[in-house]
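Chain by chain, the residues:
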Amino acid sequence: ALQYRIGQLYMISKHSHEQSDRGEGVEVVQNEPFEDPNHGNGQLTEKRVYLNSKLPSWARAVVPKIFYVTEKAWNYYPYTITEYTCSFLPKFSIHIETKYEDNKGSNDSIFDKEAKDLEREVCFIDIASDEIPERYYKESEDPKYFKSQKTGRGQLKEGWRETHQPIMCSYKLVTVKFEVWGLQTRVEQFVHKVVRDILLIGHRQAFAWVDEWYDMTMDEVREFERATQEATNKKIGIFPPAISISNISMPSSTRSAPSSAPSTPLSTDAPEFLTVPKDRPRKKSAPETLTLPD
């Protein structure tokens, strides 16, 4: 479990840096310890995902050029909550709950309590055999061919989940809402495909980069995360780096997230024409974060 956690943190930071360029990518606004009365100690991360050129053409036609999605993640590993909201589209949100277990994806009832009233489609993601968009394919990151020098893991063949050890499964409950008549189905289907691609690409990379992160401690991967995030913010270059990383845990009395679905305040300093009116009720909202594919 600790290995997976370190590998995931390493992958998110490195991937975000690789995918970021001037005016595009993932800016970290806040990354600090956080205490919740129900879930205990965790980490709160707030990011801005700039993605105008990543949108399909029909979406680019209706959004402003300075466009970003706010992502907030509450990480109480092995349980995390991630939400996406957008000040330009107040009726749009993505909410993801994640649970991690040491098994091969065999727990069919892991989200029965959280999703008892929801229609669900179960989607299995196989990092070795599922196809990814061609523009993201790298043979060095293909688990079918990659072989780890440090651990001996790799070259995952058909049926690897039945025999491979160690193994972990990341279970995700993804809810997408876009309450705009005429576009709702199209947008929600698009977002679910994007989330699936993100998770597939990210976990392939975490596996293929194992020799880079395998010897890291949690403190070392947090330092790598801090340095990489700072470099990424400078690389994007829209705003001065605004990352705030604190080692002091926030007392739960000052800030706490509700047990299952924290609401995301629209507190980012967006240009005036993007901001939501102050009297608008806050929406409860919404993938583990990487930049969106086309």
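Anyway, here's the lowdown on the structure attached to this text. What you see is a predicted model, and the numbers here were worked out from it, not measured in a lab.

## Some remarks on the nonpolar core
Argument step 1. Among the nonpolar cores identified, the biggest contains 19 residues, and Y10, L156, W160, W213, M216 and V221 are the most heavily contacted of them.
Argument step 2. Mapped onto this core, the elements with two or more residues apiece are α1 (2-19), α4 (184-208) and α5 (210-213).
Argument step 3. For this core, the element with the most residues is α1, which contributes five residues.
Argument step 4. Residues contacting W213, with those up to four places away along its chain left out, are Q3, I6, G7, Y10 and A206.
Argument step 5. Residues F67, F178, V191 and L199 belong to the second largest nonpolar core, which totals 16 residues.

## Considering the pairing of strand β1 (residues 25-36)
In the case of a regular strand, side chains alternate between the two sheet surfaces.
Argument step 1. Of all 12 residues in β1, 11 are buried, a share of seventy percent or more.
Argument step 2. Summarising the sheet, β1 and strand β2 (residues 40-50) pair through 11 bridges and their orientation is antiparallel. By the bridge assignment, E27 is partnered in β2 with R48.
Argument step 3. Joining the antiparallel neighbours β1 and β2 is a turn of three residues.

## Some words on the environment of S87
Argument step 1. With respect to the element layout, S87 can be found in the loop between β4 (79-85) and β5 (92-101).
Argument step 2. A residue is classified by how much of its surface remains accessible, and S87, at 11% relative accessible area, is buried.
Argument step 3. C-alpha of S87 to C-alpha of V69: the two residues are 18 residues apart in sequence and 7.5 Å apart in space.

## Re empty space enclosed by the protein
Argument step 1. Empty space within the largest cavity amounts to approximately 310 Å³.
Argument step 2. In terms of lining, the largest cavity is formed by 23 residues, of which the most central are L9, I12, T45, K47 and E225.
Argument step 3. At the level of secondary structure, the elements contributing two or more residues to the lining of the largest cavity comprise α1, β1, β2, β3 (68-76), β4 and α6 (218-236).
Argument step 4. Top contributing element to the lining of the largest cavity by residue count: α1, with five residues.
Argument step 5. Of the residues in the lining of the largest cavity, the class split is seven nonpolar, 11 polar and five charged.

## Considerations on the packing of aromatic side chains
In this description, an aromatic ring pair is defined by two values, namely the gap between the centres and the angle between the planes.
Argument step 1. Under the defined criterion, the tally for this structure stands at seven aromatic pairs.
Argument step 2. When the ring of Y77 is compared with that of Y100, the centres are 4.8 Å apart and the planes differ by 25°; the resulting orientation is stacked. Highlighted residues: Y77 in the loop between β3 and β4 and Y100 in strand β5, separated in sequence by 23 residues.
Argument step 3. Relative to F178, the ring of F92 lies with its centre 6.1 Å away and its plane at 70°, an arrangement referred to as edge-to-face. Placement of the pair is F92 in strand β5 and F178 in strand β6 (residues 169-178), with a sequence separation of 86 residues. In this pair, the class of F92 matches that of F178, namely buried.
Argument step 4. An aromatic cluster is present here, built from Y4, Y77 and Y100 joined pairwise through their rings.
Argument step 5. In this structure, K14 is placed above the aromatic ring of W209, and the distance from its NZ or CZ to the ring centre is 4.2 Å.

What counts and how
- Residues numbered from 1 in each chain as written.
- Predicted model: local features only at pLDDT ≥ 70, side-chain atom pairs only at ≥ 80, totals over all residues.
- Heavy atoms only, no water.
- Core = buried A, V, L, I, M, F, W, Y, C linked by side-chain atoms within 4.5 Å.
- Buried < 20%, exposed > 50% of the residue type's maximum accessible area, 1.4 Å probe, protein only.
- Helix = DSSP H or I, 4+ residues; strand = E, 2+ residues; numbered from the N terminus.
- Contact = heavy atoms within 4.5 Å.
- Pairing = 2+ DSSP bridges.
- 1 Å grid on protein atoms, 1.4 Å probe; cavity = no way out; pocket = protein on both sides within 12 Å on 5 of 7 lines; lining within 4 Å.
- Points joined across faces, edges and corners; volume = space filled by probe spheres on them.
- Nonpolar A, V, L, I, M, F, W, Y, C, P; charged D, E, K, R; others polar.
- Phe/Tyr/Trp six-rings, centres within 6.5 Å; stacked < 30°, edge-to-face > 60°.
- Lys NZ or Arg CZ within 6 Å of the ring centre and 35° of its normal.

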